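Each chain, letter by letter, is given below.
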Amino acid sequence: IPSLVLHEYGHALVATRLGDPTPKRWGRLSLNPKPLIDPFGSLILPGLAVILVASGNGLAVLPIFAYAKPMPLDPSYLRNRTSSPTWIVVGGLLANLVVATAAGLAMRVGLTGEALLFAYAVLLVNVFMLVIQLMPVPGLDGAKLLTVTAMSNVVGTIPPLHRLTEAAHAAGALVCLDACQAV
């Protein structure tokens with residue numbers, strides 16, 4: 001739960017800095033986990049996973065998965081409606097990267113015993129969260145990073161598709177283009 005809280009706090013902090021007061025109004029600009037707790041995703045699902053792992057049925061490699069309530073965001077408040085949503089996504093991912101890096105550095109200092117195991121667990125949880133969040137699945141941060149539309153009916157802009165496509169192809173990435181709004 002601490003990693004979920006820090007991840008969502010990263011989103012809320014960046015959104016607030018970029019002009020959207022919605023996270024603060026909804027109580028999300030806080031390290032208090034209470035407004036983030038989703039009864040099923042934050043409590044029941046990870047609890048069931050822990051029971052399965054602890055049962056000793058060969059499921060010890062099953063990752064303990066949890067999720068929090070999504071952060072409310074009102075794009076109309078953002079100063080730059082084109083790039084600000086991307087920075088908000090990066091804020092949450094960066095929070096997990098910072099925590100994972102801190103845990104890795106703590107392990108390198110020479111921790112032993114339980115402290116080493118704890119730092120290793122923190123590292124694994126945050127790297128796992130970062131990788132999962134990068135997947136291009138709706139609801140995860142990766143879907144927001146990889147979305148390219150030919151025209152936005154929300155902000156009325158047309159992104160430089162040719163330049164974006166060339167950059168993606170140069171990096172060996174495929175491009176999925178949603179041009180439905182351009183018709």
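Up top is the structure these notes are about.
In what follows, the accompanying structure is described.

Running from N to C, helix α4 (residues 84-109) and helix α5 (residues 113-133) point in directions that differ by 155 degrees, and their axes come no closer than 8 Å. The angle between α4 and α5 falls in the class roughly antiparallel. In the packing of α4 onto α5, the handedness of the crossing is left-handed. Along the contact surface, α4 presents L93, N96, L97, V99, A100, A103, G104 and M107, while α5 presents L116, A119, Y120, V122, L123, N126, V127, M129, L130 and Q133. Here the residues of the contact of α4 with α5 sort into 14 nonpolar, four polar and no charged.

For R28, the position within the fold is in the loop between α2 (22-25) and α3 (39-54). Of note is the side chain of R28, whose polar atom sits 3.4 Å from the backbone oxygen of P35. Contacts of R28, omitting those with residues within four sequence positions, involve Y9, A12, P23, P35, L36, K69, P70, M71 and P72.

Counted at 1.5 Å a residue, the expected span for α4 with its 26 residues is 38 Å, and the 37 Å between its end C-alpha atoms agrees. The complete set of buried residues in α4 reads S84, I88, V89, G91, G92, L93, A95, N96, V99, A100, A103 and G104. At the exit of α4 stands G110, carrying a positive phi of roughly 115 degrees.

Relative to the elements of secondary structure, N96 occurs in helix α4. Given the relative accessible area of 1%, N96 is considered buried. At 2.5 Å, the side chain of N96 and the side chain of H7 are in polar contact. Setting aside residues no more than four positions away along its own chain, N96 makes contact with S3, H7, N126, M129 and L130.

Relative to each other, helix α1 (residues 2-17) and α4 sit at 140 degrees, their axes nearing to 7 Å. As judged from the angle between their axes, α1 and α4 are oblique. In terms of crossing hand, the pair formed by α1 and α4 is right-handed. Packed against α1, whose contacting residues are S3, L6, H7, G10, H11, V14 and A15, the element α4 presents W87, I88, V89, G91, G92, L93, A95, N96 and V99 at the interface. Residue composition of the contact of α1 with α4, by class: nine nonpolar, seven polar and no charged.

Now for empty space enclosed by the protein. For the structure shown, the criterion picks out one cavity of 30 Å³ or more. Counted as a void, the largest cavity has a volume near 30 Å³. What lines the largest cavity is simply I1, L4, V5, P33, L36, I37, S42 and A68. When the residues that make up the lining of the largest cavity are grouped by side-chain class, the tally is seven nonpolar, one polar and no charged.

Thresholds applied
- Residues numbered from 1 in each chain as written.
- Predicted model: local features only at pLDDT ≥ 70, side-chain atom pairs only at ≥ 80, totals over all residues.
- Heavy atoms only, no water.
- Axes fitted to C-alpha atoms, helices over the stretch in contact; angles between N-to-C directions.
- Helix = DSSP H or I, 4+ residues; strand = E, 2+ residues; numbered from the N terminus.
- Parallel < 35°, antiparallel > 145°, perpendicular 65-115°, else oblique.
- Left-handed = near helix turned anticlockwise from the far one by under 90°.
- Contact = heavy atoms within 4.5 Å.
- Nonpolar A, V, L, I, M, F, W, Y, C, P; charged D, E, K, R; others polar.
- Polar contact = N/O pair within 3.5 Å; in protein donor to acceptor, adjacent residues only side chain to side chain.
- Expected span 1.5 Å × (residues − 1).
- Buried < 20%, exposed > 50% of the residue type's maximum accessible area, 1.4 Å probe, protein only.
- 1 Å grid on protein atoms, 1.4 Å probe; cavity = no way out; pocket = protein on both sides within 12 Å on 5 of 7 lines; lining within 4 Å.
- Points joined across faces, edges and corners; volume = space filled by probe spheres on them.

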